[in-house]
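# Chain and residue survey
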Amino acid sequence: MANFIYLISIILLRAYLTEQFEKVDFLSRERINNINSIAKTWKAGENFDPNTPKEVIIGLMGSIGFSNISRSLQDPVKTSDPLYDRLKKIYETFDARKHWSHCKTMGVVRNQGRCGSCWALSTTGAFADRLCVATNGKYNQLVSAEELAFCCHTCGFGCKGGISIEAWKYFKKHGLVSGGNYNTHEGCQPYQVPPCFHGHKRNGSCSRVRKETNHKCHKKCYGNTTIDYKSDHVKTKDAYFLSYESMQKDVQTYGPIEASFKVYDDFFHYKSGVYHKTEGAVHTRNHAVKLIGWGVENGVKYWLLVNSWGTEWGDHGLFKIRRGTNECGIEESSTAGVPLV
């Protein structure tokens, strides 16, 4: 009942935010110039064709289990772990891609296409990374965002958004098969949403690709058909939120995590530097990404994150956001789980 009431409240909130967002002209060159005149630690540029319909932008953001509302459902918040005590120090600068360079999934930038599946790509991305860390590279492939997005009915609404903590619960209870990118035979169930490109008008642009509808949940391998569907499932031991104090410890111990945050309309133009919300920016919706590290740039602390809007967006698909100030709620509801190996 609590989950149902929560989901209804989220649907109403999303409808309100969408209505407000429709009133905003945020893709113009004038808007980019205005951001660059007031942003102190980052640079804006054109990531989207200025004629991109707003519904395309809105559809990219699918984190619906976010902030203190989700915490009210009594999900665990991890603050300690025996393995944390083994850490000699918290590094000033940390990049999971370099720390576990043998794990080829760490820096992969996915393209979610015209589907609000960020919650599925961010959680499965972190899960795959953590499996590689836990097995010292023996498991070194993506897990299936396709299975998660369209088979986990308690997680949310597939392409219309999902709840990240419910994804980790699904990993614990049901497990997940392997899976690669679109139009490949990698893994048991590769991602079946075609990628789209935001920065141009040619074929394959997101404005020309149809909005994806939810797929049928498959109970067999259609990618690499030599894989046994049942035995291919991998699981986690648990599913939890992380406190701000434990985020770095958990990443250094187990690998990347999922992080959700509030997206303001200036964020769409991020190109480089350490992002912070600029004055007058309008809240649009909430988004889920993969957090892989942190550091300090020109005296400003930041988190390092991997987005799922393709490599054309931002800094080759990645971005930095201010750390230690709960910028856009980035430190409120990160989620993770420990692989069962």
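Residues numbered from 1 in each chain as written. Predicted model: local features only at pLDDT ≥ 70, side-chain atom pairs only at ≥ 80, totals over all residues. Heavy atoms only, no water.

As stated in UniProt under Sequence similarities (unreviewed entry), the record for the chain gives "Belongs to the peptidase C1 family." (UniProt positions renumbered as here; feature names shortened; annotations may be inferred.)

## Regarding the layout of surface pockets
Roughly 160 Å³ of volume is contained in the second largest pocket. If you trace the second largest pocket, you find it lined by Lys-104, Thr-105, Val-108, Asn-140, Gln-141, Leu-142, Gly-179, Gly-180, Asn-181, Glu-186 and Gly-187. (1 Å grid on protein atoms, 1.4 Å probe; cavity = no way out; pocket = protein on both sides within 12 Å on 5 of 7 lines; lining within 4 Å. Points joined across faces, edges and corners; volume = space filled by probe spheres on them.)

## Describing empty space enclosed by the protein
Within this structure, the stated rule accounts for three cavities of 30 Å³ or more. Within this model, the largest cavity holds a volume of roughly 130 Å³. Taken together, 15 residues make up the lining of the largest cavity; nearest its centre are Val-108, Arg-110, Leu-121, Gly-125 and Lys-290. Every element with two or more residues in the lining of the largest cavity is listed here: helix H6 (118-134) and strand E8 (283-297). Here the lining of the largest cavity gets five residues from one element, more than from any other, and that element is H6. Split by residue class, the lining of the largest cavity holds seven nonpolar, five polar and three charged. (Helix = DSSP H or I, 4+ residues; strand = E, 2+ residues; numbered from the N terminus. Nonpolar A, V, L, I, M, F, W, Y, C, P; charged D, E, K, R; others polar.)

## Quick look at the pattern of salt bridges
Applying the stated criterion across every chain yields a total of 12 salt bridges. Two residues, Arg-31 and Asp-265, come together in a salt bridge whose shortest N-O distance is 2.9 Å. Of this pair, Arg-31 sits in helix H2 (residues 29-38) while Asp-265 is found in the loop between strand E6 (257-264) and strand E7 (270-275), placing the two residues 234 residues apart along the sequence. The exposure classification of Arg-31 matches that of Asp-265, with both residues buried. The closest approach of N and O atoms between Lys-290 and Asp-129, which form a salt bridge, is 2.6 Å. Of the two residues, Lys-290 is situated in strand E8 and Asp-129 in helix H6; the sequence distance between them amounts to 161 residues. Each of the two residues, Lys-290 as well as Asp-129, counts as buried. One continuous salt-bridge network, built from bridges that share partners, spans Lys-78, Asp-81, Arg-130 and Asp-250. (Salt bridge = Lys/Arg side-chain N within 4 Å of Asp/Glu carboxyl O. Buried < 20%, exposed > 50% of the residue type's maximum accessible area, 1.4 Å probe, protein only.)

## Section: the packing of aromatic side chains
On inspection of all chains with the given rule, the structure shows 23 aromatic pairs. Each ring, one from Phe-48 and one from Trp-309, has its centre 6.2 Å from the other, and the planes form 70°; the classification is edge-to-face. With a gap of 261 residues between them, Phe-48 in the loop between strand E1 (42-44) and helix H3 (54-58) and Trp-309 in the loop between strand E9 (300-306) and strand E10 (318-322) connect regions that are remote in the sequence. Ring-pair connections join several aromatic residues into one group, and the members of that group are Trp-42, Phe-48, Phe-261, Phe-267, Phe-268, Tyr-270, Tyr-275, Trp-309, Trp-313 and Phe-319. Here Lys-320 stacks its cationic end above the ring of Tyr-302, 4.7 Å away from the centre of that ring. The residue whose ring lies beneath Arg-323 is Trp-303, and the NZ or CZ to ring-centre distance is 5.7 Å. (Phe/Tyr/Trp six-rings, centres within 6.5 Å; stacked < 30°, edge-to-face > 60°. Lys NZ or Arg CZ within 6 Å of the ring centre and 35° of its normal.)

## A closer look at the state of the cysteines
What is meant by a disulfide is a covalent connection between two cysteines, made through their sulfur atoms. As enumerated under the stated definition, the model contains six disulfides in all. With a sulfur-sulfur separation of 2.1 Å, Cys-151 is cross-linked through a disulfide to Cys-217. The sign of the 105° torsion about the S-S bond sets the Cys-151-Cys-217 disulfide as right-handed. Of the two residues, Cys-151 is situated in helix H7 (residues 145-151) and Cys-217 in the loop between helix H8 (164-173) and strand E4 (235-236); the sequence distance between them amounts to 66 residues. For Cys-152, the disulfide goes to Cys-155, at an S-S distance of 2.0 Å. (Disulfide = S-S within 2.5 Å.)

## Details of the side chain of Arg-31
Its relative accessible area of 12% is what places Arg-31 among the buried residues. Excluding anything up to four places from it in sequence, Arg-31 contacts Phe-26, Asp-265, Asp-266, His-269 and Ala-281. (Contact = heavy atoms within 4.5 Å.)

## A look at the pairing of E10
Taking burial as the measure, the five residues of E10 include four buried ones, the bulk of the element. Sheet topology places E7 next to E10; two bridges connect them, and they run parallel. When the sheet's bridge partners are listed, Val-274 is paired in E10 with Lys-320. Pairing analysis gives five bridges linking E9 to E10, with the strands arranged antiparallel. When the bridges of E10 are listed, Trp-303 appears paired with Ile-321. (Pairing = 2+ DSSP bridges.)

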